[in-house]
Amino acid sequence: RRQRQMCKETALAQAKKEAQLIKRFTGRDKGNSWQSVQGLYYTILSQGTGKQVRISDTVTVHYKGSLLSDGSVFDQTKDKPATFPLNRLIRGWQIGVPILQAGGKIRLIIPSGLAYGIRTRSTAIPPNSILVFDIEVVAAKEANAK
């Protein structure tokens, strides 16, 4: 029980530290209007006019993921978009991508608690990393649609 309490306190301290970093970043980025939902920060670059994205959809996207700390890109689509079941991606994507309709573009700032947390996904993403994603939803299809 004591260990669980210590973990909770550590997670809360990490979340508070990250919130301060994100506020500093979004405050410097005067070109965008930032909003927040469930701890995720986002700015809609263009809403799109297609189907409203749902968490149960399989999405086809162009994206670029980078670290807030130094801007280094850890992953991105190149020529072809990528297709994923949205409900299998990190929580930050599950919260942010359904804000859009197909054809829309969004920039997400994802605190580590909505991303990979203390886990190391790759050497390019250290534990407790705040992630920035630029995402364009090319298409969204119901998971059971052919």
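Let me begin by describing the structure that accompanies this report. For every chain, the first residue of the written sequence is number 1, and numbering continues from 1 along that sequence. Per-residue local features of the predicted model are confined to residues with pLDDT of at least 70, and side-chain atom pairs are confined, for both listing and counting, to 80 or more; whole-chain, interface and lining totals are unaffected and use all residues. Only hydrogens and water are set aside; all other atoms, that is, all heavy atoms of the structure, feed into the side-chain values.

Right, let's get into the pairing of strand E6 (residues 105-110). Two strands are said to pair when DSSP picks up at least two bridges between them. Numbering of helices and strands starts at the N terminus; helices are DSSP runs of H or I of at least 4 residues and strands are runs of E of at least 2. Pairing between strand E2 (residues 40-46) and E6: five bridges, direction antiparallel. Each residue of the ladder has a partner; that of Thr-43, found in E6, is Arg-107. Sheet topology note: the E6/strand E7 (residues 131-142) ladder contains six bridges and is antiparallel. Among the inter-strand pairings, Lys-105 is bridged to a residue of E7, identified as Glu-136.

Glancing now at the packing of aromatic side chains. Two measures describe an aromatic ring pair: the distance that separates the ring centres and the angle between the ring planes. What counts as a ring pair is set by centres within 6.5 Å for rings of Phe, Tyr and Trp (its six-membered ring), and what kind of pair is set by the plane angle: stacked under 30 degrees, edge-to-face over 60, tilted for all other angles. For the coordinates displayed, the defined rule picks out seven aromatic pairs. On the basis of an interplanar angle of 85° and a centroid distance of 5.2 Å, the ring pair of Trp-93 and Phe-133 is categorised as edge-to-face. Of this pair, Trp-93 sits in helix H2 (residues 91-96) while Phe-133 sits in strand E7; the two residues are 40 residues apart in sequence, bridging distant segments of the chain. Note on accessibility: Trp-93 and Phe-133 belong to one class, buried. Relative accessibility under 20% of the residue-type maximum defines a buried residue, over 50% an exposed one, and the middle range a partly exposed one, all with a 1.4 Å probe and only protein chains included.

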